[in-house]
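Structural characterization, general
Listed below, chain by chain, are the residues.
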Amino acid sequence: MANIARFDPDDALDDLFRGFWMRPIRPGGQQEVQIKLEVKEDDKAYTVHAEMPGVNKEDIQVTIDGGQVSISAETKKEKEIKEGTRVLRSERYYGKVSRSFALGQDVDESKSEAHYKDGVLELSLPKKTVSKTRKLTIS
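The notes below deal with the structure included here. (Residues numbered from 1 in each chain as written. Predicted model: local features only at pLDDT ≥ 70, side-chain atom pairs only at ≥ 80, totals over all residues. Heavy atoms only, no water.)

Some remarks on the sheet that holds strand E3 (residues 60-65)
Operational definition: Pairing between strands is defined by DSSP: at least two bridges between the two strands are required. A run of H or I in DSSP counts as a helix once it spans at least four residues, and a run of E counts as a strand once it spans at least two, with each numbered from the N terminus. An axis is simply a line fitted to the C-alpha atoms; with a helix, the fit covers only the stretch in contact. Between two such axes, the angle follows the N-to-C directions and lies from 0 to 180 degrees.
Spatially, the three strands line up as an open sheet ordered E3-E4-E5, and their pairing is antiparallel. The outermost strands of the open sheet, each flanked by one partner alone, are E3 and strand E5 (95-102). When strand polarity is set aside, the average angle formed by the axes of neighbouring strands in this sheet is 10°. For E3 and strand E4 (residues 68-75), the ladder comprises six bridges, and the chain directions are antiparallel. Looking at E4, one finds that aspartate 65 is bridged to glutamine 68.

Side note on the pairing of strand E6 (residues 113-117)
As paired elements, E6 and strand E7 (residues 120-126) share five bridges and run antiparallel to each other. The residue of E7 that forms the bridge with histidine 115 is glutamate 122. In this structure, the hairpin formed by E6 and E7 is closed by a connection of two residues, where aspartate 118 is found at a positive phi of approximately 55°.

Remarks on the pattern of salt bridges
The following threshold applies: By convention in these notes, a salt bridge is any Lys or Arg side-chain nitrogen within 4 Å of a carboxyl oxygen on Asp or Glu. When a residue's accessible area, from a 1.4 Å probe over protein chains only, is under 20% of the maximum for its type it is buried; when over 50% it is exposed; and in between it is partly exposed.
Following the criterion strictly, the structure yields four salt bridges and no others. In this structure, lysine 127 engages glutamate 41 in a salt bridge whose closest nitrogen and oxygen atoms are separated by 2.6 Å. Note that lysine 127 is positioned in the segment after E7 and glutamate 41 in strand E1 (residues 36-41), a separation of 86 residues in sequence. Relative accessible area serves as the criterion here: at 12%, lysine 127 is assigned to the buried category. The class for glutamate 41 is exposed, based on a relative accessible area of 55%. Linking lysine 111 and aspartate 108 is a salt bridge whose minimum nitrogen-to-oxygen distance equals 4.0 Å.

Side note on the sheet that holds E7
The strands that make up a sheet are held in pairs by hydrogen bonds between backbone atoms, and each pair lies either parallel or antiparallel. Spatially, four strands are ordered E1-E2-E7-E6 in an open sheet, and the strand pairing comes out antiparallel. Only two strands of the sheet have a single partner each, and these edge strands are E1 and E6. The average undirected angle you get between the axes of adjacent strands in this sheet is 15°. By the bridge criterion, six bridges tie E1 to strand E2 (residues 45-51) in an arrangement that is antiparallel. Each residue of the ladder has a partner; that of lysine 36, found in E2, is glutamate 51.

Details of the nonpolar core
This is how the line gets drawn: Take the buried residues of types Ala, Val, Leu, Ile, Met, Phe, Trp, Tyr and Cys, join any two whose side-chain atoms come within 4.5 Å, and each joined set is a nonpolar core. The contact definition used throughout considers only heavy atoms, calling two residues in contact when any of these lie within 4.5 Å.
With 17 residues, the main nonpolar core has Met52, Ile71 and Leu125 as its most contacted residues. At the level of elements, E2, E4, E5 and E7 are the ones that each hand at least two residues to this core. Ignoring sequence-local partners within four residues, the contact set of methionine 52 consists of Ile35, Ile60, Ile71, Ala73, Tyr116, Gly119 and Leu121.

If you want it as structure tokens, here you go:
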């Protein structure tokens with residue numbers, strides 16, 4: 001009896017674009033999971049909203065280095081096997097995703113906060129206070 005291999009056009013498309021600098025767009029307009037950002041600024045802080053649907057908060061890492069912010073996450077495919085059922089097609093994404101960006105001013109890491117709810121990560125990033133130059137009187 002001959003072995004039959006399944007052909008998945010999505011995998012072929014990924015292989016085609018693997019060497020280029022672009023992400024493949026899957027049939028039906030689907031793309032791999034990306035972190036979409038909204039960054040707001042006021043006098044005292046930056047507020048960042050990052051859309052990260054399907055990610056557990058335990059799998060999210062945020063790193064702050066001066067004015068550089070990095071967000072990374074890992075989504076895991078959960079395979080559920082049931083007696084008498086087989087998966088014909090799975091379109092769920094799994095893997096690692098990350099995003100880094102620079103802010104105009106350094107962030108006070110000790111006062112920064114992060115909250116994750118309903119697939120949206122909210123970062124409150126207070127700006128570091130800039131020390132004022134002081135002129136000394138020589139006596």
